[in-house]
Amino acid sequence: MHLRIIACLLSVILLSSASLPKTGPIPEKKPESAETKKPAEKKIEKVPAPNKDKTPLPTPEDTEPLPQKPEAEPEPVLTIEPEDGKEYAACLTALKQIGATFREETRIDDGKGCGIDKPLTLETVLPGVALKPEGKMRCETALELARWTKEAVLPAAKAALGNEGPLTAIDQASSYVCRLRNNGTTGKISEHARGNAIDIASFTFKSGKSIEIQPRDEDSTLIGAFQRAVTATGCLYFKTVLDPGSDEAHENHLHFDVLERKNGYRYCR
Ligand SMILES: [Zn+2]
């Protein structure tokens, strides 16, 4: 009997010891936690999925590099800016009304960004005031030249040189020409190469008197006052004014151009 009892006790002990390792498997809980991670991973997978649906997000990123391309500015320089049809028509009307004479020319494209979409050959700036020699430029350039001549140059000429008779000619040194700034071999393209610029070398009066542009900052005569007056008023019409005081490249002429700048900024030196 004792042996049976002992055997029973041993079997109970063995069974209980065997059951302990079964209940002990804590690692079984880990797989459970691993299962909870799996749905979490599925959720993560679902998150990128809607991102894929939001494909418009990548496209704005694609549009960002686009504005970066113009910053390099290789393309704008090499293309001829198209003239706005309505603005061009309005300009032609204003140019006729002010009394300028001109010929409309065919599109100029000399390559390397040189050219004018709708060029004009300006013959006379105002009635009785010739452009010598006649020159090719954009309508906007011609119109600003005409307005400046009428509203600023003629009054200044009458005040300073009235005894020489009326102004009969504006003598230009350069209108449209395909070249870089300051005739350089490197650098930016000149506004002359876009029809935006006109260089003025002198003013001729009916008497034959000619007033040449030269350094006159210290000129205390009426001629000095005349040149300084027309130079200063040039900035009311043109976006860029360079005179003999700006640098050696402009010792003998006034450079005017209508290059648009940000915020309406004007460069007049
Ligand atoms: Zn110039």
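Structure: see above.
Residues numbered from 1 in each chain as written. Predicted model: local features only at pLDDT ≥ 70, side-chain atom pairs only at ≥ 80, totals over all residues. Heavy atoms only, no water.

Further remarks concern the coordination of the zinc ion. Coordination of the zinc ion by the protein is provided by H192 (NE2), D199 (OD), D199 (OD) and H255 (ND1), with metal-donor distances spanning 2.0 to 2.7 Å. Taken together, the four donor atoms surrounding the zinc ion define angles of 53 to 153° at the centre, an arrangement classified as irregular. Taken in chain order, the donor set of the zinc ion reads H-x6-D-x55-H. Taken as a pair, H192 and D199 share a single burial class, namely buried. (Donors = N, O, S within 2.8 Å, 3.2 Å for Na, K, Ca; no water. Tetrahedral: all angles 85-135°; square planar, octahedral: opposite > 155°, others 65-115°. Buried < 20%, exposed > 50% of the residue type's maximum accessible area, 1.4 Å probe, protein only.)

Note on placement: F256 falls in strand β10 (residues 254–257). Relative accessible area serves as the criterion here: at 0%, F256 is assigned to the buried category. Sequence separation between F256 and T231 is 25 residues; the distance between their C-alpha atoms is 9.4 Å. Leave out the neighbours within four places in its chain, and F256 touches W148, N196, A197, I198, I200, V230, G234, F238, T240 and V241. (Helix = DSSP H or I, 4+ residues; strand = E, 2+ residues; numbered from the N terminus. Contact = heavy atoms within 4.5 Å.)

Evaluation of the coordinates by the stated rule reveals three disulfides. Here C91 pairs with C139 through a disulfide, and the sulfurs are 2.1 Å apart. The disulfide joining C91 to C139 has a torsion of about -100° about its S-S bond and is therefore left-handed. With a gap of 48 residues between them, C91 in helix α7 (residues 85–98) and C139 in helix α8 (residues 139–161) connect regions that are remote in the sequence. Accessibility assignment for this pair places C91 and C139 in one class, buried. Along the protein, the cysteines engaged in disulfide bonds are linked according to the scheme 1-3, 2-4, 5-6 when indexed in sequence order. (Disulfide = S-S within 2.5 Å.)

Right, let's get into the packing of aromatic side chains. Aromatic ring pairs are defined here through the distance separating the ring centres and the angle between the ring planes. Counted under the stated rule, the structure contains five aromatic pairs. Plain terms: the ring middles of W148 and F203 are 6.1 Å apart, the flat faces sit at 50° to each other, and that makes the pair tilted. With W148 in helix α8 and F203 in strand β7 (residues 197–205), the pair connects residues that are 55 residues apart, well separated along the chain. An identical accessibility class is assigned to W148 and F203; each is buried. Taken together, a centroid distance of 5.2 Å and an interplanar angle of 80° make the contact between F203 and F226 edge-to-face. Residue F203 is found in strand β7, and its partner F226 is found in helix α9 (residues 222–234); the two are separated by 23 residues along the sequence. (Phe/Tyr/Trp six-rings, centres within 6.5 Å; stacked < 30°, edge-to-face > 60°.)

Turning to α9, a few remarks are in order. Between its first and last C-alpha, α9 extends 18 Å over 13 residues, near the 18 Å set by a 1.5 Å rise per residue. Of all the positions in α9, only G224, F226, Q227, V230, T231 and G234 are classed as buried. The buried side chains of α9 occupy one side of the element, clustering within an arc of 160° when seen end-on. Exposed residues lying more than 90 degrees from the buried face of α9 are L222 and A232. Elements in contact with the buried residues of α9: α8, β7, β8 (210–212), β9 (240–242) and β10. (Expected span 1.5 Å × (residues − 1). Arc of directions from axis to C-beta.)

Backbone torsion omega between K132 and P133 reads -15°, so that peptide bond is classified as cis. Mapped onto the elements, P133 comes out in strand β5 (residues 129–137). Unusually for a residue other than glycine, K112 sits at a positive phi of about 55°. You can see K112 is positioned in the loop between β2 (108–111) and β3 (114–116). A positive phi angle, near 60°, is found at N183, a position not held by glycine. Relative to the helices and strands, N183 is located in the loop between β6 (167–174) and β7. On the accessibility criterion, N183 (58% relative accessible area) is exposed.

Just distances and angles here, no functional claims.
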